[in-house]
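# Structural characterization, general
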Amino acid sequence: MSEVTVPAAQRAPEAESVSPGRWVRENLFSSVSNAIQTMFFSLVLLGLLRWVLGQIFSEEANWTSVATNMRLLFTYNYPTEQFVRIWFAAGALFLAVGASFAAWNLNPMVTVRRVGVALAGTGAVSLVVGLIAPDTTPSAVRTGFFVVGIGLVALALAVLKVVPEPHRRQIPFIGLLAGVAGVICGVLWFFPFGDYGFADGAPTAESGTIDSSTSLPVTVMFLIMIGTYLAGRALARMIDLGWLRRTMIGWWVIGPAFIVFLVLRDPEFDWGYVLAVDVPMGAAFALGGGALLYLLAKPSRSELARVIGALLVALALFHWVAAFFGWYPMLQKARFSFALIAVAALLAPTFAGERAARLRFAGGWFGFMVLFHWLLTGINTPSTLDIAAPPFLGGFVLTVSIAYYVMLASFPLGVLLSLARTSKMPIFRVLATTYIEVVRGVPLITVLFFFSIMLPLFLPGGMGISDLAAVFAGYTVFSAAYMAENIRGGLQSVRRGQYEAADALGLTTVQRTAFIVLPQALRVSIPNLVGQAIATFKETSLIAIVGGFDLLRIANSTIPNQPDFLGQKRPALFFISLVYFVVAYSMSRASRNLEERLQAGQAR
Amino acid sequence: MSIADQALTEEMASRRDMIVCRGVKKWFGDFQALAGVDVTVKDREVMVVLGPSGSGKSTLIRCINRLEVHQEGEIVVDGVEMSNDMRNIEKIRSEVGMVFQQFNLFPHLTVLDNITLAPIWVRKRARVEAEAKAMELLERVGIPEQANKFPGQLSGGQQQRVAIARSLAMEPKIMLFDEPTSALDPEMISEVLDVMKDLARGGMTMMVVTHEMGFAREVADRLVFMESGDVVEVGTPEHFFTNPREERTKLFLSQIL
Amino acid sequence: MTSQTDDSGTAVFTGHTRPPIWRNTSVLKWLVQIVVLVAVLAVFWFLAAQARTNLSAKGIPVSYDWLDEPANIQLGEGIQTVDTEERRLTMSRALWVGMVNTLRIASIGIIVSTIIGIAVGIARLSKNWLARKVSSIYVETLRNVPVLVQIILWLAILGSLGKLTADSGPIPGWVIVSQKGISLPRVFLADGFYQFVSMVLVAMVPVWFVRRSLKRRQDREGGNTHATGFTLAALAVIAVVAWFANPVMAFLGPIFGSVESAWGSIPQGLMQLLLSVAALGGAVLWIRRFLDSRRTPAGLAKLIDDDWFRMIFAVVASLLAVLVVVRGWPGLSSWIINSGSDLFGVIADKFGDGRGSRPIDAMRPTLSEGRFVNYGPTGLTMTVFYASLFFGLVFYTSSFIAEIVRGGILAVPAGQSEAAAALGLSRGQALRKVVLPQAFRVVMPPLGNQYLNITKNTSLGIAVGFSEIVQVGQTVYNKNSQTLAVFSIYMVFYLACSLTISSVVNTINRRLAIVER
Ligand SMILES: Nc1ncnc2c1ncn2[C@@H]1O[C@H](COP(=O)(O)OP(=O)(O)OP(=O)(O)O)[C@@H](O)[C@H]1O
Ligand SMILES: [Mg+2]
């Protein structure tokens, strides 16, 4: 992997600071038209701000509805006494975030002056808000805006005065983030958020009680993230960075599945059954498959491997046909495993080699099978959690998980589709193009309806699918088409010479695709893929229409139906807009940074 | 004596045929790029292919390792016929090395990984062994110190030398060169030509498309002149540079010399 | 191996042997493709069979017969919301109303979001710091909040407005903003419009010829023959005359009426035959053209696998089309006949006696019984449902369009505006005459994508109860359980929209590319 970071020192140094008066003259009143624009846009800005503030602080808006339902909005009906699981899951994620920041050294430098200007700007906005807030605003809130505004401006001035040469001095962005997060944690300890919640269906809102269920865990999360980042940086100096990155990618691929199915759901394994059926079956596939692959991965047996692979594919398909007509019973898990071993056998010639290579190949299969069976067993097992009103996932957690899994599941599909669409084989091209264009031609909501209503109709008798799974399938099918187009852009950027050089060296088509074409194509598509991740995250709000309890559904129908908050839509809707905004905006900022780094990497 | 075997010395004629093209035809849609080419390259022979732009030199050389598929006629490489047989294609590809005008190094892999990729995954060598061999080849082309850099960090001449090392790592019996120096700045051309001369002296069978007449005169055993997808004239360097038979050859040589 | 080496070193061929199937690349290449194709078709066949069994087990076989049944559903708004004696509200007409609503909001949305998007996009590149900041806040805020959330938020905000009374306003009687919706004065097409347009078109034909000859003379003899001035003057005169005289064109009504009945009397068998001949003829023509393109002076070039595939594909596709026309969907022909004659009927209706002659008219909002009068000669009214969907879509999409416009302008090299400045053009002139035309080319493809998105996103109207196609369709299948049929209608409708938009964008792009040369 190539290192594509741009040392901060190479960036253009920031210009010498100018005096505020000169800045205003140059940027706001340099000419008549400029002055007119300034007037116009300040009116627009003030009008908009005033209107938004009017919506937020209107007499009808009861913001207690949001505070009371915070848990509902984030974790839906997850039982309070099991919250330690949620915090554990969050901890695992923050750990991964910290380690990933360290592994990819995502730590741009920011000049002190920019920090100071940002602080002063925030302070000024806060002051303006305090000034123009409508009369219905509670006076404590208005005072709060003034105090924060003055405080921030004072802090900014102090920083800019005290630090010498503020436009040259740089501080790491992570440090800044840690500082802000630390301040928030600290505030939580001294100004408790209050213990809002539901007891027996009725909201209990006693502000002022110390809420240990947020301040302590939040602080722990914060410490975990900073700790892993520092540990990761230290580690990165000692060990191979490539290894750390591969580990982190592996974790991001399987970690969330692990968290949702094993931690949040806590499967109640029936150990007798597990030992009698699941373990032997998993072991059979892992060991038997491993042995078969070890045998087939000998260079001289490549034609045999192809023939056996083709036979196994036929067998795997036959199992599904048989299931369709109900000829003989078989666990779905076994059918999937047969399909996987068939694919692996077809890949055996690609990974063939001397003993060590064959052992690695067979070992990889073994590990993969163990993990696969373990996760599937976990998914198929009932949960120990007693949830008052299922589904067990809802709110922000649902929004994020759906977005994450859809991206994860549609990625391989999208890669296959894009390869088919750019392939030289005309039938593949026709099939892939039809799929992609049809799916991209229709709205997401019709795809979701189709899957949630029609999928049960397509399944053979006795086979069922949960609502959420059907919706998830719809999202994946939809997203794969867009993914395919994004990756196709990358594929087209790989030059023909790369294919020819690979062919001339005698690489097989699979090897050429895996080692030469895809690594280059995916690197080019990263910015687009991040864009798609953001789009998918926003599109999860459509779950609300097809029946899931995501953020939007809770804000738009659950809360306004609570007896205490009848018809209270706007506060919760504003709040979830903010949540969506924060996540989507930080993702897009991160992707812009990434794009700059990639471009800088290419220029070299 | 067929046209393909023109101008062979006694000794040469007795050698093994490494590349045999007979009546090779190739169309791109409705455009005929090769119109029945007959050429034979003998073992340890260096054959230089000349011709104006668009005459089908690249197409011919690319048909020989099936980067293009010829449609009529036969191509036989070291006794293996180029056909739809997967085994034959694999065999020919692993015996024939190719060097491109645009180098075509893999930009996401280090120089070392570029060289070891094919030996590990096609020849199924152990990584240690492949890396040792790669370092040896890098010594031979004179840039062992660049092993861990990425192609984008090298000069054009260095890149082309890595590309040659990459092909040699597969231990080919035949090397094809398609204008290997055309994309290089003048001061880098000689470093690449030196490596090629070394190879020729070492007895490698080579087929070279180039406009470097100095190289052709010094190293080539025979020259082939092509025009409009056809072989016009085959001969030794003396023959070509002193008194070519065909008018078209004369005209072409007078333009580039 | 096919050759051996004899003592003299020359290869001796022992003839060609065909490689075994599992090593033959060209066989394998096609085998794999055909296996996958068959597998895909089999999966579809299985699923379809399963769906059919499951559906008939529930007693609801898939059909399209219900399209002509009375709808009995409540439509919020649209060109026809009630069932009357002379105009029955059938299921198909209800779906039609939904489609028109979709197209209405999509087309207006496209126009408005483009205007806002261009304005914001240019403001993002302004020299003025505040303009840049405000526009970038606009873009970043709007595009990072899901459009559905925005739509629902708009509904909540609009729902919290004041009640609709006779004196609600900002400007009572002229501009009304209330819980029930928003209403403005508007200009609309009145009775005489189509007669007016057809009269102007007919009268412009001779003018056009005169204009051409004037231009020719100018090219030949130089000087100024005032071709454009003449055309404009003639147009003005014709427009004034047609404004009053357009009832003359009423005779077109009966003509279109007879076309309607002639079209309607085409027998179904004939239509099937015509469609089949068209499909087969198209395939034959295509293959002939293709073979011609492969012909060289030295005879036909050698055809490769892919060439054969193309020809076989053309034949198979046309045979499939024939099969669908004749066996699979006999109703298609009668549908084409009926809808064709309906179309002429609608056109015929636009002409005729007893119409007022005024082509256009203007009206203020009108209220009746505390509600807006939505259709007919009245103000331009947006219901809250329409308004929330409209605002949500337009603001969201305009933020993307702004980014596209900005990117397009930035893509024009700085040298261009410098050159324009060097020629003495002002900043505004340089933008209009030099930068924007070039940016247009970069901007067109992603802009087309946004137009597609806005069209597809109108389907979110279902969340606020706006009667667009998906919402109407859902009401329909909730009533008669014909889900599969309704989904097929969705698909055809949206694919038609996508194809239309993308072909328009492609055409414009091609035009621009030619201009470049
Ligand atoms: N993939 C292709 N599709 C269509 N035509 C092609 C293709 N490749 C080559 N040709 C055409 O075939 C002819 C021969 O091309 P070729 O590249 O072999 O010429 P060349 O002798 O190598 O010329 P140059 O000296 O410019 O490299 C040219 O007219 C070229 O336009
Ligand atoms: Mg060439």
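Just so it is clear, the model here is predicted, and its values are computed rather than measured.

## Concerning the confidence of the model for chain A
Residues and elements named next belong to chain A. Mean pLDDT over chain A stands at 83; residues scoring 70 or higher make up 90%. Mean pLDDT values for the elements of chain A range from 46 in strand β4 (residues 202–206) up to 94 in helix α19 (residues 496–504). Low pLDDT (under 50) marks residues 1–13, which in the prediction has 18 contacts with non-local residues, meaning those over four places away or in another chain.

## Looking at empty space enclosed by the protein
Taken as a whole, this structure holds three cavities of 30 Å³ or more when the rule is applied. Approximately 70 Å³ is the volume attributed to the largest cavity. Residue assignment for the lining of the largest cavity shows that the elements contributing at least two residues are α19 of chain A together with α3 (86–95), β6 (96–99) and α6 (156–168) of chain B. Looking at side-chain class alone, the lining of the largest cavity contains eight nonpolar, three polar and two charged residues.

## Section: the side chain of Thr397 of chain C
With respect to the helices and strands, Thr397 of chain C occurs in helix α11 (residues 384–411). Apart from the residues lying within four places of it in its own chain, the contact partners of Thr397 of chain C are Ser113, Gln450 and Ile454 of chain C.

## What about unusual backbone geometry?
Phi at Asp266 of chain A is positive, roughly 50°, even though this residue is not glycine. By the secondary structure assignment, Asp266 of chain A is in the loop between α10 (241–264) and α11 (271–296). Located in the positive-phi region is Lys124 of chain B, a residue other than glycine, with phi close to 60°. Position of Lys124 of chain B among the secondary structure elements: in the loop between α4 (111–121) and α5 (127–141).

## Some thoughts on the interface of chain A and chain C
In this assembly, 61 residues from chain A lie in contact with 61 residues from chain C. It is Ile427, Leu457 and Lys538 of chain A that lose the most area in chain A upon contact with chain C, and together they represent 12% of the buried surface on that side. Taken together, the links from chain A to chain C amount to one salt bridge. Mapped by element, the contributors of at least two residues to the side of chain A that touches chain C are α1 (20–28), α2 (32–56), α12 (302–325), α16 (426–441), α17 (444–458), α22 (551–558) and α23 (570–603) of chain A. Top contributing element to the side of chain A that touches chain C by residue count: α23 of chain A, with 11 residues. Considering only residue class, the side of chain A that touches chain C consists of 39 nonpolar, 13 polar and nine charged.

## So, the domain arrangement of chain A
All names here are of chain A. Per the domain assignment, the segments making up chain A are domain 1 (8–60 + 80–241) and domain 2 (61–79 + 384–604). Buried area between domain 1 and domain 2, summed over both chains or domains, comes out near 2,000 Å², and the portion from carbon and sulfur atoms is 58%. At the boundary of domain 1 with domain 2, the tally comes to three residue pairs in polar contact (both at pLDDT 80 or more). Of all the secondary structure elements, the ones that give two or more residues to the side of domain 1 that touches domain 2 are α2, α5 (83–103), β3 (195–199) and β4. When residues of the side of domain 1 that touches domain 2 are assigned to their parent elements, the largest contribution, four residues, is made by β3. Considering only residue class, the side of domain 1 that touches domain 2 consists of 11 nonpolar, seven polar and five charged.

## Quick look at the site of ligand 1
All names here are of chain B. Near ligand 1 you find Phe28, Phe31, Ala33, Pro52, Ser53, Gly54, Ser55, Gly56, Lys57, Ser58, Thr59 and Glu179, and these make up its full shell. Gly54 is positioned with one of its backbone polar atoms (N or O) 2.8 Å from an oxygen atom of ligand 1. Here an oxygen atom of ligand 1 sits 2.8 Å away from a polar atom, N or O, in the side chain of Lys57. Starting from 630 Å² of accessible surface for ligand 1 in isolation, the protein chains cover 62%.

## Digging into the side chain of Gln159 of chain B
Residue and element names in this part refer to chain B. Examined against the element boundaries, Gln159 turns out to sit in helix α6. We classify Gln159 as buried; its relative accessible area is 16%. A polar side-chain atom of Gln159 sits 3.4 Å from the main-chain carbonyl oxygen of Leu154.

## A word on α19 of chain A
Taking burial as the measure, the nine residues of α19 of chain A include seven buried ones, the bulk of the element. Buried residues of α19 of chain A: Gly497, Gln498, Glu500, Ala501, Ala502, Asp503 and Ala504 of chain A, and no others. On its buried face, α19 of chain A is in contact with α20 (509–539) of chain A together with α2 (57–64), α3, β6 and α6 of chain B. Taken from the residues just after α19 of chain A, Gly506 of chain A is the one with a positive phi, measuring 90°.

## Topic: the layout of surface pockets
As a volume, the second largest pocket reaches approximately 740 Å³. Secondary-structure elements contributing two or more residues to the lining of the second largest pocket are α2 of chain A together with α2 (91–123), α11, α12 (414–422) and α13 (427–457) of chain C. Per-class residue counts for the lining of the second largest pocket are 18 nonpolar, 10 polar and two charged.

## Things to note about the sheet that holds strand β11 (residues 380–383) of chain C
Residue and element names in this part refer to chain C. Taken in spatial order, the three strands of this open sheet run β3-β4-β11, and their pairing is antiparallel. Every interior strand has two partners, whereas the edge strands, β3 (176–178) and β11, have only one. The sheet shows a mean angle of 5° between the axes of neighbouring strands, taken without regard to direction. As paired elements, β3 and strand β4 (residues 181–184) share three bridges and run antiparallel to each other. Across the sheet, the residue bridging to Ile176 is Ser183, located in β4. Most of the contacts of α11 go to β11, to which it runs at about 85°, and overall it touches β3, β4 and β11.

## A short note on the pattern of salt bridges
Charged atoms that come close allow side chains of opposite charge to pair. Following the criterion strictly, the structure yields 38 salt bridges over all chains and no others. Here Arg22 of chain B and Glu74 of chain B are joined by a salt bridge, their closest N and O atoms 3.5 Å apart. Taken as a pair, Arg22 of chain B in strand β1 (residues 17–28) and Glu74 of chain B in strand β4 (residues 72–77) lie far apart in primary sequence, 52 residues in all. Between Lys133 of chain B and Glu171 of chain B there is a salt bridge; the shortest N-O distance is 3.7 Å. Of this pair, Lys133 of chain B sits in helix α5 while Glu171 of chain B sits in the loop between α6 and β7 (174–178); the two residues are 38 residues apart in sequence, bridging distant segments of the chain. In this structure Glu171 of chain B comes out as partly exposed when scored by relative accessible area, which is 41%. Residues joined by salt bridges that share partners form a network here, namely Arg496 and Glu500 of chain A together with Lys26, Arg62 and Glu68 of chain B.

## Details of the pairing of strand β10 (residues 230–235) of chain B
Residue and element names in this part refer to chain B. Burial runs high along β10: five of the six residues are buried. Relative to β10, strand β9 (residues 222–227) runs antiparallel, the two being bridged by five bridges. Directly across from Glu227, in β10, lies its bridge partner Asp230. Linkage of β9 to β10, two consecutive antiparallel strands, is achieved through a turn of two residues, within which Ser228 is found at a positive phi near 45°.

## Considering the sheet that holds β9 of chain B
Residues and elements named next belong to chain B. The strand order across the open sheet built from six strands is β6-β7-β8-β3-β9-β10, with neighbouring strands paired in mixed fashion. Both outer strands of the open sheet, β6 and β10, are each paired with one neighbouring strand and no more. Going across the sheet, the axis of each strand differs from the next one's by a mean of 20°, ignoring polarity. Bridging between β7 and strand β8 (residues 205–209) involves five bridges; their strand directions are parallel. Paired with Asp178 across the bridge in β8 is Val209. Here α3 sits on the sheet in contact with β6 and β7, set at roughly 55° to β6.

## Section: the nonpolar core
Counting residues in each nonpolar core, the largest one holds 137 residues, and the members touching the most others are Tyr475 and Ile576 of chain A together with Trp66 of chain C. Ranked by the residues each element gives to this core, the list is headed by α11 of chain C, at 13 residues. Setting aside chain neighbours within four positions, we find Ile576 of chain A in contact with Leu73, Leu551, Leu552 and Ala555 of chain A together with Val149 of chain C. If you look at the next biggest cluster of nonpolar residues, it comprises 48 residues, including Val48, Ala134, Val162 and Phe225 of chain B.

## Thoughts on the environment of Asn486 of chain A
Residue and element names in this part refer to chain A. Relative to the assigned elements, Asn486 resides in helix α18 (residues 467–493). C-alpha of Asn486 to C-alpha of Ser418: the two residues are 68 residues apart in sequence and 8.4 Å apart in space. Apart from the residues lying within four places of it in its own chain, the contact partners of Asn486 are Ser525, Asn528, Leu529 and Gln532. A polar atom in the side chain of Asn486 sits 3.1 Å from the side chain of Gln532.

## Considerations on the packing of aromatic side chains
Counted according to the given criterion, the structure contains 39 aromatic pairs over all chains. Following the ring pairs from residue to residue traces out a cluster consisting of Trp51 of chain A together with Trp154, Tyr386, Phe390, Phe391, Phe395 and Phe466 of chain C. The cationic tip of Arg358 of chain A hangs over the ring face of Tyr294 of chain A; the distance from NZ or CZ to the ring centre is 4.2 Å. One Lys or Arg, Arg440 of chain A, reaches over the ring of Tyr482 of chain A and ends 5.7 Å from the middle of that ring.

Rules and cut-offs
- Residues numbered from 1 in each chain as written.
- Chains lettered and ligands numbered in written order.
- Predicted model: local features only at pLDDT ≥ 70, side-chain atom pairs only at ≥ 80, totals over all residues.
- Heavy atoms only, no water.
- pLDDT = per-residue confidence, 0-100.
- Helix = DSSP H or I, 4+ residues; strand = E, 2+ residues; numbered from the N terminus.
- Contact = heavy atoms within 4.5 Å.
- 1 Å grid on protein atoms, 1.4 Å probe; cavity = no way out; pocket = protein on both sides within 12 Å on 5 of 7 lines; lining within 4 Å.
- Points joined across faces, edges and corners; volume = space filled by probe spheres on them.
- Nonpolar A, V, L, I, M, F, W, Y, C, P; charged D, E, K, R; others polar.
- Buried area = accessible area lost by both parts, 1.4 Å probe.
- Salt bridge = Lys/Arg side-chain N within 4 Å of Asp/Glu carboxyl O.
- Domains from an automatic or database assignment.
- Polar contact = N/O pair within 3.5 Å; in protein donor to acceptor, adjacent residues only side chain to side chain.
- Near = heavy atom within 4 Å.
- Areas by Shrake-Rupley, 256 points an atom, 1.4 Å probe, with all protein chains shown as cover.
- Buried < 20%, exposed > 50% of the residue type's maximum accessible area, 1.4 Å probe, protein only.
- Pairing = 2+ DSSP bridges.
- Axes fitted to C-alpha atoms, helices over the stretch in contact; angles between N-to-C directions.
- Core = buried A, V, L, I, M, F, W, Y, C linked by side-chain atoms within 4.5 Å.
- Phe/Tyr/Trp six-rings, centres within 6.5 Å; stacked < 30°, edge-to-face > 60°.
- Lys NZ or Arg CZ within 6 Å of the ring centre and 35° of its normal.

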